[in-house]
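# Close look at the chain arrangement
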Amino acid sequence: MNLTYENKKIINYSKKKVEMYTSDCPVRVGDGVEIFTAGSKIGNRVGSAIACYYFGKLIYVDSHRLDDHATVFQAEAYAFFMALEYIDKMNSWSKASIFSDSLSLLSALASPNRKSWILKQLADKIKTVNTHRRLSFFWVKAHIGVVGNEEADKQAKLGTDKNTIDSPVPRSHNTMKADIRRNIIAEWQNEWASNAKGPQTHKYIPTVSTKRKSYHPFIIQFLSGHGRFPHYFNKFGIAYNPLCDCGEVGTPDHYVFECIYTQSLRFKLKNTQTRDQLIQDPSNLHIIHQIVGWVNDFIPRL
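Residues numbered from 1 in each chain as written. Predicted model: local features only at pLDDT ≥ 70, side-chain atom pairs only at ≥ 80, totals over all residues. Heavy atoms only, no water.

### Brief notes about the overall build of the protein chain
Helix and strand content of the protein chain: twelve helices and seven strands. For the protein chain, buried positions account for 43% of its 302 residues. Here the contacts in the protein chain between residues at least 6 apart in sequence split such that 60% fall between residues at least 24 apart. Within the structure as shown, the protein chain displays about 16,700 Å² of accessible surface, and the carbon and sulfur contribution to it stands at 53%. (Helix = DSSP H or I, 4+ residues; strand = E, 2+ residues; numbered from the N terminus. Buried < 20%, exposed > 50% of the residue type's maximum accessible area, 1.4 Å probe, protein only. Contact = heavy atoms within 4.5 Å. Areas by Shrake-Rupley, 256 points an atom, 1.4 Å probe, with all protein chains shown as cover.)

The following block contains the structure:
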């Protein structure tokens, strides 16, 4: 495959060459068969479409609704495939031009490394069509008033309104990874929400996440409830009395929200009404750190 980094790229498909223009070059109007392609995603619906012109006159439009999991890139690529299909079935005209507003698609087609299934299909289709048609590919800037591009874009949006799927497409590699990740996190969240263990942690971290957070050991003691707290010592038979010296049960929350001995510190806390928001503020973490540090110094070592 021979490429030049100019406005015009010459690509070898089989024994014949294809001209590809991937710079912002003027769009020709009324030069034989010209097919504009477009892909669109509105909400969860995806559509692909083509608008075909013959010497400047619109002669054919077609739109397909793809699977909802299809990406915009897949929609653009499928529209390109629709254009090639139309050109392949033409009874006459040996010359045809395809206009796409997807520079990423044209660049991918110009690259020798085509890993996705749809790019490989396109490459094979180009080779087939190129044996009996003279093909040229053009990049056209979207939404600048080019009639053919606007028509194809309109048809692609209409394709998303269809009630049924016209063209199923396999999930892309990235989509599959995202779906697997989403399902794993959903299952993890369900297990975490239904698990009776770790009630102290549940209050402050109700939602699971793969993002790792590093906390000081004092903050971990507070979030887990596993620290030098009378209630914790009593629970595991280390101490007989679960009470703080103020007379209340010595839980982690007691020292952060209620204890008279930590009153001067806890008055500095913000957003104490929402527990899961409490630890989002770095200044709160600093105060909780000080409170737990005080507990560690105040509670006798056993």
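Additional details are given in the paragraphs that follow.
### Considering the nonpolar core
By size, the foremost hydrophobic cluster in this structure holds 32 residues, and its most contacted members are Phe80, Leu84, Ile87, Leu122 and Leu135. No other element matches the nine residues that helix H1 (residues 72–89) contributes to this core. Look past the residues within four positions of Leu122 in its chain and what remains in contact with it is Ala77, Phe80, Phe81, Leu84, Leu105 and Leu109. Among the nonpolar cores identified, the runner-up in size contains 23 residues, and Phe233, Cys244, Val256 and Leu265 belong to it. (Core = buried A, V, L, I, M, F, W, Y, C linked by side-chain atoms within 4.5 Å.)

### Some words on a nonpolar patch on the surface
Judged by side-chain polarity, Ile59, Tyr60 and Trp93 come together as a nonpolar surface patch covering roughly 250 Å² of accessible area. Mapped onto the elements, Ile59 comes out in strand E5 (residues 57–66). (Patch = residues over 30% accessible without salt bridge, like charges linked within 9 Å, V, L, I, M, F, W, Y side chains within 5 Å. Salt bridge = Lys/Arg side-chain N within 4 Å of Asp/Glu carboxyl O.)

### A word on the packing of aromatic side chains
A full pass over the atoms with the stated rule returns 15 aromatic pairs. Residues Tyr261 and Trp294 carry aromatic rings whose centres are separated by 6.0 Å and whose planes lie at 25 degrees to one another, so their mutual orientation is stacked. Of the two residues, Tyr261 is situated in the loop between helix H9 (252–257) and helix H10 (263–266) and Trp294 in helix H12 (residues 282–298); the sequence distance between them amounts to 33 residues. Judged by its relative accessible area of 38%, Tyr261 falls in the partly exposed class. With relative accessibility at 25%, the residue Trp294 sits in the partly exposed group. (Phe/Tyr/Trp six-rings, centres within 6.5 Å; stacked < 30°, edge-to-face > 60°.)

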